[in-house]
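Analysis of the macromolecular model
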Amino acid sequence: MGSIADRLAEVRERACFSYRRAAGQPGEPHIVCVTKTQPLPRILEAIDAGVTEIGENYLQEAIRKNVFTLRESYGATVRYIGRLQSNKYNAILRMFDAVDSADPELLEHLHDMQDRAAQRACTFLLEVNAGEESQKGGLTMPKIRELAAADTPWLHEISGLMVVVPLQATTQMRANMYESVSVLFHELAKDLGSSHVTLLSMGTSDDFELAIERGSNMIRVGTGIFGFRSPSQM
Ligand SMILES: *Cc1c(COP(=O)(O)O)cnc(C)c1O
């Protein structure tokens, strides 16, 4: 199946090709390397191969693996992409560079924070629950439109959206969801300021080309870079 470097090179080539075709101009999407369950030596291999942004799903796992040292040694950006719990808000805000899975409670907490110097995270993406799945995090698209129409103050904290689609969604369903979120993203950019709302994180190993064709400029790839995850690697 090739090395981490080979797989990363292939992902990057395919992602850049789709991006240039979709955007009609040079450039490349952000590639967030999803490192959950991966031990530090494998993450280092990916960094050596050119990864600059990593995504972790769990605070404790990120601390245990010491991924934050990659920031000082390699200039890597460490993004939080997992579910949030309110008792961990402050630790997450202090340790990560970005929270891509931000929810209304976190953004409100942030907006009301007195001491913003205690926070490192400076980029926040609002998570969109595109399939309206009740067991998943994120807000539905109608809910986000409602908040934008009400000029909700904390909405001004966001730099974009992160989209999660249902695992079982067909290609056609994913294409439709990505398309709809892309429309919402452009509405928000217009409402909140296009220089501030710039990131649309959608697409994973399975479907990043489809997502890029629908307007994604940030993809989150785990298995596509590392190969299949075994739970025992946790
Ligand atoms: C695990 C995960 C990914 C990566 O999925 P792959 O199929 O391994 O590419 C992307 N986004 C989120 C939020 C994840 O939890």
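Residues numbered from 1 in each chain as written. Predicted model: local features only at pLDDT ≥ 70, side-chain atom pairs only at ≥ 80, totals over all residues. Heavy atoms only, no water.

Regarding the overall build of the protein
In terms of helices and strands, the protein carries ten helices and eight strands. If one aligns the C-alpha atoms of the protein with their principal axes, the spans along those axes are about 50 × 40 × 35 Å. Looking at the 234 residues of the protein, the share that counts as buried comes to 51%. Of the roughly 11,100 Å² of accessible surface on the protein, 50% is carried by carbon and sulfur atoms. Between the centroid of the 24 positive side chains of the protein and the centroid of its 30 negative side chains there is a distance of 4 Å. (Helix = DSSP H or I, 4+ residues; strand = E, 2+ residues; numbered from the N terminus. Buried < 20%, exposed > 50% of the residue type's maximum accessible area, 1.4 Å probe, protein only. Areas by Shrake-Rupley, 256 points an atom, 1.4 Å probe, with all protein chains shown as cover. Lys, Arg positive; Asp, Glu negative; His and termini not counted. Charge placed at Lys NZ, Arg CZ, Asp CG, Glu CD.)

Description of the site of the ligand
By nearness alone, every residue bordering the ligand is listed as Val 34, Lys 36, Asn 57, Ile 81, Thr 204, Ser 205, Arg 220, Val 221, Gly 222, Thr 223 and Arg 229. One of the backbone nitrogen or oxygen atoms of Gly 222 is found 2.9 Å away from an oxygen atom of the ligand. Between the ligand and Thr 223 there is a distance of 2.9 Å, counted from an oxygen atom to a backbone nitrogen or oxygen. Protein coverage of the free-state accessible area of the ligand, which is 390 Å², stands at 84%. Because more than half of its atoms lie within 2 Å of the grid, the ligand is assigned to the largest pocket. (Near = heavy atom within 4 Å. Polar contact = N/O pair within 3.5 Å; in protein donor to acceptor, adjacent residues only side chain to side chain. 1 Å grid on protein atoms, 1.4 Å probe; cavity = no way out; pocket = protein on both sides within 12 Å on 5 of 7 lines; lining within 4 Å. Sits in = over half its atoms within 2 Å of the grid points.)

Re the pattern of salt bridges
With the rule as written, the count across this model stands at 18 salt bridges. Two residues, Glu 146 and Lys 143, come together in a salt bridge whose shortest N-O distance is 3.4 Å. Placement of the pair is Glu 146 and Lys 143 together in helix α7 (residues 141-149), with a separation of three residues, close to one helical turn. Several salt bridges share partner residues, and in doing so they unite Arg 21, Glu 179, Glu 213 and Arg 214 into one network. (Salt bridge = Lys/Arg side-chain N within 4 Å of Asp/Glu carboxyl O.)

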